[in-house]
Amino acid sequence: MGVTRVLKAYSIEEILDVMEKYGEKVELLAGGTDLLVDIRAGKNKGSVIIDISDVKEMKKIEIGEDDIVLGALTTFTDIAENDYLKENVTGLWKAAKSVGSPQIRNMGTVGGNICNGSPAADIVPPLLVLDAKLNIKSRSKQRKIKLKEFYMENGSRNLRSDELLYSISFTKSRDKNIRIGFEKLGLRNALAISRISCSVYAIIGENNRIENIRIASGALGKYPLREYALEKFLKDKNLNDGLIEEAAEIFSHEVKQRLSGRSSCPYKKEAVKGIFKKAISFEGE
Amino acid sequence: MINIKLNVNGKDYDLEIEEDLRLIDLLRDRLGFTGTKEGCGEGECGACTVILEGKTVNSCLLLAIQAHGKEITTIEGIGKEDDLHPIQESFLENGAVQCGYCIPGMVLSAKALLDKNKNPTRKDIREAISGNLCRCTGYEKIVDSIEKASKILQQRGSESHEQL
């Protein structure tokens, strides 16, 4: 679709005004790393582009008392350069650092990664295991939904055309036993789209008992997914090499069923084991 | 058509442009900064790298309007033919340039790195140029050159410090 208008917004209020006025014709330009490619190919869904890349109130990382809030325009570089996130939310930091290239990390945003809805979106699996919430606003109302409720079975997103995702928040945890891992498989280190990604959040108590666990994957379905069957299997068990091996087999079986009939299935059902094992060994923490 | 103001290589411009013009097209076609190369047009190759407000970006993935009110450095802003930047000198001396197409982007990624990190490790250098593809050199001489340029810059920095 051709571009008829390009408007620049400097505040959330301005964005909402334009979204209300132009409705479904609107396409938001955040980092632009995917949208510019679409525009060149004539594949942009809206003809009115709103450049929101200079909306300062949506660029922030707030480490609060109880919550951590990421403005939707926080770039991957912003996350990768944040020492608190590196130390305390390592899986999220690793995912941000693994995105594309320095140039892409300087441009690409968390909100764009979520809303674009790619199954391979790198930042989504760690946010899923953090049980992140999306803060959404329109002219008429404001709502908060869980990220895991954002992607719908029919391939669409839980976001109306007049609604803006303005920030993402998750609980700040002080529990010393929390581990957050992330691992991805690309065809090379830089500039590679994830073939498989996996993030694990776990609270490991005495005797390595898994008191709580959340696992999410990327590029293993229509959108990034929580791996509930795997979580159920691991919860309350003692984390050791044998258990990880068993869990990897279960994960592989899940993937085999999910991707059945696809050409990537034979490869992914094997490769997922290694990625999962690395993610749950919390390397680099 | 829309109006934008921006600063490229230290000079202010006030321009009327088509709304969906990309930054790379503005730089090359309107302003004549043809040192900025277009390779893939999809942000994969880094040939179009420029420095925007101190950070490297792919100018093929930005609309020109996104640069409104901002400062941009292209390869033309790094050194002159008779007064090369130490990074450029080092690339020449160490044989880091073959066909040359990736080099403007490569130099700008190196510049952005050395502006932030005066004494990078080889790993830091590899990381900094990981968004710039080179199909000729195999990267070794490029990494050598950036490492040597960092030494030259440090030396010059300490010399000018002594003069003060």
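It should be emphasised that the depicted structure is a prediction, and the values quoted were computed from it without experimental measurement. All chains use their own residue numbering, which begins from 1 and follows the written sequence. Here chains are named by letter from A upward and ligands by number from 1 upward, in the order in which they appear as written. Per-residue local features of the predicted model are confined to residues with pLDDT of at least 70, and side-chain atom pairs are confined, for both listing and counting, to 80 or more; whole-chain, interface and lining totals are unaffected and use all residues. With hydrogens and water excluded, all non-hydrogen atoms of the structure serve as input to the side-chain values.

**Re the pattern of salt bridges**
Threshold: Think of a salt bridge as a Lys or Arg side-chain nitrogen and an Asp or Glu carboxyl oxygen that are within 4 Å of each other. Exposed residues in this analysis have more than 50% of their type's maximum accessible area, buried residues have under 20%, and partly exposed residues fall in between, with area computed by a 1.4 Å probe over protein chains only. Secondary structure counts use DSSP, requiring at least four H or I residues in a row for a helix and at least two E residues in a row for a strand, with both numbered from the N terminus.
Summed over all chains, the structure comprises 35 salt bridges over all chains. Measuring nitrogen to oxygen at the nearest pair gives 3.7 Å for the salt bridge that ties A:Arg160 to A:Glu163. Accessibility expressed as a relative area gives 39% for A:Arg160, which makes it partly exposed. On the basis of relative accessible area, A:Glu163 is assigned to the buried category, the value being 3%. B:Glu38 is the partner of B:Arg22 in a salt bridge, and the nearest nitrogen-oxygen pair spans 2.9 Å. In this pair, B:Arg22 sits in the loop between β2 (11-17) and α1 (23-30) while B:Glu38 sits in the loop between α1 and β3 (49-52), placing the two residues 16 residues apart along the sequence. Classification of B:Glu38 as partly exposed rests on a relative accessible area of 24%.

**Here we look at the sheet that holds strand β8 (residues 164-171) of chain A**
All names here are of chain A. Convention followed: DSSP bridges decide pairing: two strands pair if at least two such bridges lie between them. A fitted line through C-alpha atoms serves as each axis, taken over the contacting stretch for helices, and the angle formed by two N-to-C directions is quoted from 0 to 180°. Here, residues are in contact when the closest pair of their heavy atoms is within 4.5 Å.
Within the open sheet, the five strands sit side by side as β4-β5-β8-β6-β7. Their pairing is antiparallel. Every other strand in the sheet has two partners, leaving β4 (61-63) and β7 (142-146) as the edge strands with one partner each. Shown here is a sheet whose adjacent strand axes are inclined to one another by a mean of 20°, direction ignored. Bridge count for strand β5 (residues 67-71) against β8 is five bridges, and the pairing is antiparallel. Directly across from Leu70, in β8, lies its bridge partner Ile168. Sitting on the sheet, helix α1 (residues 12-22) is in contact with β6 (133-137) and β8, with an inclination near 130° to β8.

**Quick notes on the side chain of B:Ser145**
By the secondary structure assignment, B:Ser145 is in helix α5 (residues 140-163). Excluding residues that lie within four positions of it along the chain, B:Ser145 makes contacts with B:Ser90, B:Phe91, B:Asn94 and B:Ala96.

**Section: the interface of chain B and chain A**
What counts is decided by this rule: The term buried area denotes the loss of accessible surface (1.4 Å probe radius) that occurs when two parts are joined, taken as the sum for both partners. Under the rule applied, a polar contact is a pair of N or O atoms within 3.5 Å (in protein, one hydrogen donor and one hydrogen acceptor; residues adjacent in sequence only if both atoms are side-chain atoms).
Chain B puts 30 residues into the contact, and the matching count from chain A is 32 residues. When residues of chain B are sorted by the area they lose upon contact with chain A, B:Glu19, B:Leu61 and B:Gln66 head the list and together hold 23% of the total. Where chain B touches chain A, the interface holds four salt bridges. Here chain B and chain A share ten residue pairs in polar contact (both at pLDDT 80 or more) between them.

**As for unusual backbone geometry**
A positive phi angle, near 55°, is found at A:Asp131, a position not held by glycine. Examined against the element boundaries, A:Asp131 turns out to sit in the loop between α8 (124-129) and β6.

**Focus on the packing of helix α2 (residues 86-93) of chain B against helix α3 (residues 103-116) of chain B**
Residue and element names in this part refer to chain B. We apply this condition: The scheme is simple: roughly parallel for angles under 35 degrees, roughly antiparallel for over 145, roughly perpendicular for 65 to 115, oblique for anything else. Handedness of a crossing follows from how the near helix is turned relative to the far one, being left-handed for an anticlockwise turn of less than a right angle and right-handed for a clockwise one.
Close contact between α2 and α3 brings their axes to 10 Å; oriented N to C, the two are set at 130°. The orientation of α2 relative to α3 falls into the category oblique. The element α2 and its partner α3 pack so that their crossing is right-handed. Of α3, the residues touching α2 (which contributes Ile87, Gln88 and Phe91) are Ile103, Met106, Val107, Ala110, Lys111 and Leu114.

**Description of the domain arrangement of chain B**
All names here are of chain B. We count it as follows: Domain segmentation is taken from an automatic or database assignment of domains. Under the convention adopted here, Pro, Cys and the residues Ala, Val, Leu, Ile, Met, Phe, Trp and Tyr are nonpolar, Asp, Glu, Lys and Arg are charged, and Gly plus all remaining residues are polar.
Domain boundaries assigned for chain B yield domain 1 (2-77) and domain 2 (86-162). On a C-alpha basis, the centres of domain 1 and domain 2 stand 22 Å from each other. Taken residue by residue, the interface counts 16 residues in domain 1 and twelve residues in domain 2. It is Thr49, Ile51 and Ile75 in domain 1 that bury the most area against domain 2; as a group they hold 39% of the surface buried on that side. Counting the contacts that link domain 1 with domain 2 gives four residue pairs in polar contact (both at pLDDT 80 or more). With three residues, the single largest contributor to the side of domain 1 that touches domain 2 is β3. A breakdown of the residues in the side of domain 1 that touches domain 2 according to their chemical character gives five nonpolar, eight polar and three charged.

**A short note on the packing of aromatic side chains**
All names here are of chain A. To be explicit about the condition: Put simply, two rings from Phe, Tyr or Trp (the six-membered ring, in Trp's case) pair if the centres are within 6.5 Å, and we call them stacked under 30 degrees between planes, edge-to-face over 60, tilted for the rest. A ring is considered to have a charge above it if a Lys NZ or an Arg CZ atom is located within 6 Å of its centre and within 35 degrees of its normal.
Following the criterion strictly, the structure yields three aromatic pairs over all chains and no others. Between Phe150 and Tyr151, the aromatic rings sit 5.2 Å apart at their centres with planes inclined by 75°, giving edge-to-face as the arrangement. Residue Tyr151 is classed as buried on the basis of its relative accessible area, which comes to 8%. For the ring pair Tyr151 and Tyr223, a centre distance of 5.6 Å and an interplane angle of 20° mean the geometry is stacked. Placement of Tyr151 in the loop between β7 and β8 and of Tyr223 in the loop between β11 (210-218) and β12 (225-226) is noted, with a sequence separation of 72 residues between them. Summarising the burial analysis for this pair, Tyr151 and Tyr223 share the class buried. Sitting over the ring of Tyr201, Arg214 keeps its end group 4.3 Å from the ring centre. Note that Lys237 overlies the ring of Phe233, its terminal NZ or CZ placed 4.2 Å from the centroid.

**Comments concerning α3(B)**
Spelled out, the test is: Multiplying 1.5 Å by the residue count of a helix minus one yields the expected span of that helix.
For α3(B), built from 14 residues, the straight-helix expectation of 20 Å at 1.5 Å per residue is met to within 8% by its first-to-last C-alpha distance of 20 Å. Buried within α3(B) we find B:Ile103, B:Pro104, B:Gly105, B:Met106, B:Val107, B:Leu108, B:Ser109, B:Ala110, B:Ala112, B:Leu113 and B:Leu114.

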